[in-house]
Amino acid sequence: MPGLLIDTLKGTNGSRRPLWLMRQAGRYLPEYRALRADKGGFLALVYDSEAAAEVTIQPIDRFGFDGAILFSDILIVPYAMGQDLQFLAGEGPHLSPRLADAALASLERVPERLTPIYRTVELCVARLDETKTMLGFAGSPWTVATYMVNGEGSRDQHETRAMAYGDPAAFQAIVDAIGDVTVEYLIGQARAGAEAVQLFDSWSGSLAPDEFERWVIAPNARIVDRFRAACPDVSVIGFPKGAGEKLAAYARETGVDAVGVDETIDPAWAARELPANMPVQGNLDPLLLLSGGQRMTDRARFVLDCFADRPHVFNLGHGIGQHTPIAHVEELLGAVRAWSR
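This write-up is about the structure you can find in this document. Remember, it's a predicted structure, so these values are computed and weren't measured experimentally. (Residues numbered from 1 in each chain as written. Predicted model: local features only at pLDDT ≥ 70, side-chain atom pairs only at ≥ 80, totals over all residues. Heavy atoms only, no water.)

Description of the overall build of the protein chain
Right, on to step 1. Tallying secondary structure elements over the protein chain gives 15 helices and 9 strands in all.
Right, on to step 2. Relative to the compact-globule value of 20 Å for 341 residues, the protein chain shows a C-alpha radius of gyration of 19 Å, a close match.
Right, on to step 3. Its C-alpha atoms put the protein chain at 55 × 45 × 40 Å along the principal axes.
Right, on to step 4. Of all 341 residues assigned to the protein chain, the portion counted as buried reaches 57%.
Right, on to step 5. Restricting the contact set of the protein chain to residue pairs at least 6 apart, pairs at least 24 apart contribute 75%.
Right, on to step 6. Split by element, the accessible area of the protein chain, about 13300 Å² in all, is 49% carbon and sulfur.
Right, on to step 7. Averaging the positions of the 32 positive and the 44 negative side-chain charges in the protein chain gives two centres separated by 3 Å. (Helix = DSSP H or I, 4+ residues; strand = E, 2+ residues; numbered from the N terminus. Rg over C-alpha atoms; globule rule 2.2 N^0.38 Å. Buried < 20%, exposed > 50% of the residue type's maximum accessible area, 1.4 Å probe, protein only. Contact = heavy atoms within 4.5 Å. Areas by Shrake-Rupley, 256 points an atom, 1.4 Å probe, with all protein chains shown as cover. Lys, Arg positive; Asp, Glu negative; His and termini not counted. Charge placed at Lys NZ, Arg CZ, Asp CG, Glu CD.)

Shown next as structure tokens:
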């Protein structure tokens, strides 16, 4: 029997809203911090499939969320493409060689770096109740490329944007290569048991409209088309953070089944402008969850009311913060579960 979340992603508009939170498996949970300390580092934890499955399931055991999001990272794709990946304490991820300095052709693919992730999905599916949805994910090509070109995160993606303007043919080759591995990766997750997948384009907001069309909409549309040909029953959620008014074109043109709405977008605007009956996901500000209280619950009910007439998965506008109190998550759960259409 499919769960409420997957039913919603397939277009059912029920009275109760399914709920999961981006980064729900992570540092705000004491059980996660204990396990990570035991394993010694983030990447070691990701590549220990038993431990990664445990992390994925922890928030389901604690809160009963409707979906379990795979514990992994969007940079597994460049790692499988041949870049070295390190997570340094206090500095975040580092990839080498930077594609600002080296050619894409210098990388040698290591596809076996994807295999443990598929095993994590299998272990999670074996543990989940049938009413819970297993969610896989990948980063979208633009966002992944920003890390591959720069070697690390950046405030405005300056180096990657400059390459896209200055040498669009070379940058297109990078985007296409990321897309090829991403399709393979998502198909592998689906065949391991993921019922839905999410494409994260976390840095899409840094692009001008024409560049957004070329580097966000077009690559995601190709991924969705190829993935759907292989896995027609697996729902795809697209999440172009920072898209603003370009979100409506993204929803129409990429072919995704559902679209994530970040916290900067007015949910009343989204309900009005996005394609009719298209499932949406979002969009409480993670900082409101950090703050908690009446303002948080009032805003959650406002979001629910705005999306009352279409299928809606309640979520945050981006990932849950590491200092978020457990009590605030419980308070939010109570407010969402008490709401009815």
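Side note on the packing of aromatic side chains
In this description, an aromatic ring pair is defined by two values, namely the gap between the centres and the angle between the planes.
Right, on to step 1. With the rule as written, the count across this model stands at 11 aromatic pairs.
Right, on to step 2. Look at Phe-171 and Trp-215: their rings are 4.7 Å apart centre to centre, the planes differ by 80°, and that puts the pair in the edge-to-face class. Linking Phe-171 in helix 9 (residues 168–192) with Trp-215 in helix 10 (residues 209–230), this pair joins segments that are 44 residues apart in sequence.
Right, on to step 3. Overall, Trp-215 belongs to the buried group, its relative accessible area being 1%.
Right, on to step 4. Ring pairing ties together the aromatic residues Tyr-32, Phe-42, Phe-71 and Phe-87, which thus form one cluster.
Right, on to step 5. Cation over ring: Arg-113 sits above Tyr-79, and NZ or CZ is 3.8 Å from the ring centre.
Right, on to step 6. Lying across the ring of Phe-212, Lys-246 places its NZ or CZ 5.3 Å from the centre. (Phe/Tyr/Trp six-rings, centres within 6.5 Å; stacked < 30°, edge-to-face > 60°. Lys NZ or Arg CZ within 6 Å of the ring centre and 35° of its normal.)

Quick word on the pattern of salt bridges
Right, on to step 1. Throughout the structure, instances matching the rule amount to 15 salt bridges.
Right, on to step 2. Put simply, Asp-176 and Arg-222 hold a salt bridge, and the shortest N to O gap is 3.5 Å. Taken as a pair, Asp-176 in helix 9 and Arg-222 in helix 10 lie far apart in primary sequence, 46 residues in all.
Right, on to step 3. Asp-176 sits in the partly exposed class, given a relative accessible area of 33%.
Right, on to step 4. Owing to a relative accessible area of 39%, Arg-222 belongs among the partly exposed residues under this scheme.
Right, on to step 5. Among the ionic pairs, Arg-272 bridges to Glu-273, the shortest N-O distance being 3.4 Å. (Salt bridge = Lys/Arg side-chain N within 4 Å of Asp/Glu carboxyl O.)

Digging into the packing of helix 14 (residues 293–306) against helix 15 (residues 326–338)
Right, on to step 1. Remark: helix 14 packs on helix 15, axes separated minimally by 10 Å, with the N-to-C direction vectors making an angle of 35°. The way helix 14 lies across helix 15 gives a crossing that is right-handed. In this structure, helix 14 uses Gly-293, Met-296, Thr-297, Ala-300, Arg-301 and Leu-304 to contact helix 15, whose residues at the interface are His-328, Glu-331, Leu-332, Ala-335 and Val-336. (Axes fitted to C-alpha atoms, helices over the stretch in contact; angles between N-to-C directions. Left-handed = near helix turned anticlockwise from the far one by under 90°.)

Examining the pairing of strand 8 (residues 280–284)
Right, on to step 1. In terms of burial, strand 8 is largely enclosed, as 5 of its 5 residues are buried.
Right, on to step 2. Sheet topology note: the strand 7 (residues 258–261)/strand 8 ladder contains 3 bridges and is parallel. For Gly-260, the partnering residue across the bridge sits in strand 8 and is Gln-281.
Right, on to step 3. For the segment spanning strand 7, helix 12 (residues 267–273) and strand 8, crossover handedness is right-handed.
Right, on to step 4. Both strand 8 and strand 9 (residues 312–316) contribute to a ladder of 5 bridges, which runs parallel. Opposite Gln-281, over in strand 9, you have Val-313 as the bridge partner. (Pairing = 2+ DSSP bridges. Right-handed = clockwise from strand over helix to strand, strands pointing away.)

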